[in-house]
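Residue-level structure breakdown
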Amino acid sequence: MMPISDPVGAPGLVALALGFVLFAVALIAARRRGQRDAAEGSGRRANSSILWIVLQGVAIGLAGFGPIHIGLDPLSPAGLTCALIVLALMLGAVFLFDWSSRAMGRNWALVARTRGDASLVTTGPFAYVRNPIYVALALFMIAMAIAYGHARMLVIAAPLYALATWMRVAVEEKLLRAEFGAAYIAYTARVKRFVPGIL
């Protein structure tokens, strides 16, 4: 049985599509920065994070899974409000991801790793939260669920995303503690994982 979808408007889908394009551009730029001089130095890599990356992807995919019912008048208050919410979430996701990946520079990578010549990044968004990219991906997931009329799927997708993210963070934190020692422990004492001053 296919999940039930709420009616959506075309402006919300356009906002999501624009966000997809901007996110893809930011991701390509981050990959290029991350690959620059990737052969330099030694470092550590945590391949065990791949499982959690896959589960994060599954969770995001679940938020968009199901039929899309375009039933709202594009100029209706509901259709325009939905579009504005989706646009705000996507622009927030793109901004946070791009800001984070720029702060990381060539240290950014999909799979958790450190470089032999790396330093602990505590500037940019990392001065406020330790995992801003995962916050950006959560915004992306919520925007997609709203744009497609699948907000109900967040009941499944959000807990799965949270679990996969928590496990991925555990792997990364172990790697960072081993690499940076006391400096990383001091950083974790003053900066929360996901929400400034709270979580």
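Report follows, based on the coordinates.

Some thoughts on the overall build of the protein chain
When its secondary structure is counted, the protein chain shows six helices and two strands. When the elements of the protein chain are put in sequence order from the N terminus, they spell out β-α-α-β-α-α-α-α. The proportion of buried residues among the 199 residues of the protein chain is 41%. Total accessible area on the protein chain is roughly 10,200 Å²; 70% of this is exposed by carbon and sulfur atoms.

A word on the environment of R190
As for its position among the elements, R190 is in helix α6 (residues 182-190). For R190, a relative accessible area of 58% corresponds to the exposed category.

Some words on helix α3 (residues 77-104)
In this model, α3 (28 residues) spans 40 Å end to end at C-alpha, consistent with the 40 Å of a helix rising 1.5 Å per residue. Within α3, the full set of buried residues consists of G79, C82, A83, V86, L89, M90, A93, V94, L96, F97, S100 and S101. Those residues of α3 that are buried lie in contact with α1 (10-35) and α4 (132-147). G105 sits one or two residues past α3 and shows a positive phi near 60°.

Remarks on helix α2 (residues 49-63)
Along its 15 residues, α2 runs 22 Å from first to last C-alpha, staying within 8% of the 21 Å computed at 1.5 Å per residue. Taken together, the buried positions of α2 are occupied by S49, W52, I53, Q56, A59, I60 and A63. Burial along α2 is one-sided: seen end-on, the buried residues are contained in an arc of 120°. For α2, the elements touching its buried residues are α4 and α5 (154-180).

Some words on a nonpolar patch on the surface
Among the surface-exposed residues, L163, W166, M167, V195, I198 and L199 lie close enough to one another that they form a single nonpolar patch of about 570 Å² accessible area. Within the secondary structure, L163 is located in helix α5.

Overview of the pattern of salt bridges
Tallied over the entire structure, the rule returns five salt bridges. The shortest N-O distance in the salt bridge between R152 and D6 comes to 2.7 Å. One end of the pair, R152, is in the loop between α4 and α5; the other, D6, is in the segment before β1 (7-8), with 146 residues separating them in the sequence. The exposure class assigned to R152 is partly exposed, which follows from its relative accessible area of 46%. Residue R102 pairs with D98 through a salt bridge whose shortest N-O separation is 2.8 Å. Of this pair, R102 and D98 both sit in helix α3, four residues apart, which is roughly one turn of the helix. Overall, R102 belongs to the exposed group, its relative accessible area being 52%. When salt bridges with common partners are traced through the structure, they connect R130, E173 and R193 into a single cluster.

A word on the environment of G34
One can find G34 in helix α1. Taking the C-alpha atoms as reference points, G34 and N107, 73 residues apart in sequence, are found 5.7 Å from one another.

Here we look at the side chain of S76
Looking at where S76 falls in the secondary structure, it is placed in the loop between β2 (69-70) and α3. We classify S76 as buried; its relative accessible area is 15%. Polar contacts involving the side chain of S76 include one to the main-chain amide nitrogen of G79, which spans 3.0 Å.

What about the nonpolar core?
Membership of the largest hydrophobic core comes to 36 residues, with the highest contact counts inside it found for L16, V86, F97 and Y161. At the level of elements, α1, α2, α3, α4 and α5 are the ones that each hand at least two residues to this core. The element that contributes the greatest number of residues to this core is α4, accounting for eleven residues. The residues touching F97, leaving out its near neighbours within four places in the chain, are F23, A26, L27, A30, W108, I133 and A136. Counting six residues, the second largest nonpolar core, distinct from the first, contains F126, F180, Y184 and V191.

Scoring rules and cut-offs
- Residues numbered from 1 in each chain as written.
- Predicted model: local features only at pLDDT ≥ 70, side-chain atom pairs only at ≥ 80, totals over all residues.
- Heavy atoms only, no water.
- Helix = DSSP H or I, 4+ residues; strand = E, 2+ residues; numbered from the N terminus.
- Buried < 20%, exposed > 50% of the residue type's maximum accessible area, 1.4 Å probe, protein only.
- Areas by Shrake-Rupley, 256 points an atom, 1.4 Å probe, with all protein chains shown as cover.
- Expected span 1.5 Å × (residues − 1).
- Contact = heavy atoms within 4.5 Å.
- Arc of directions from axis to C-beta.
- Patch = residues over 30% accessible without salt bridge, like charges linked within 9 Å, V, L, I, M, F, W, Y side chains within 5 Å.
- Salt bridge = Lys/Arg side-chain N within 4 Å of Asp/Glu carboxyl O.
- Polar contact = N/O pair within 3.5 Å; in protein donor to acceptor, adjacent residues only side chain to side chain.
- Core = buried A, V, L, I, M, F, W, Y, C linked by side-chain atoms within 4.5 Å.

Scope: geometric values only; no functional claims are made or implied.
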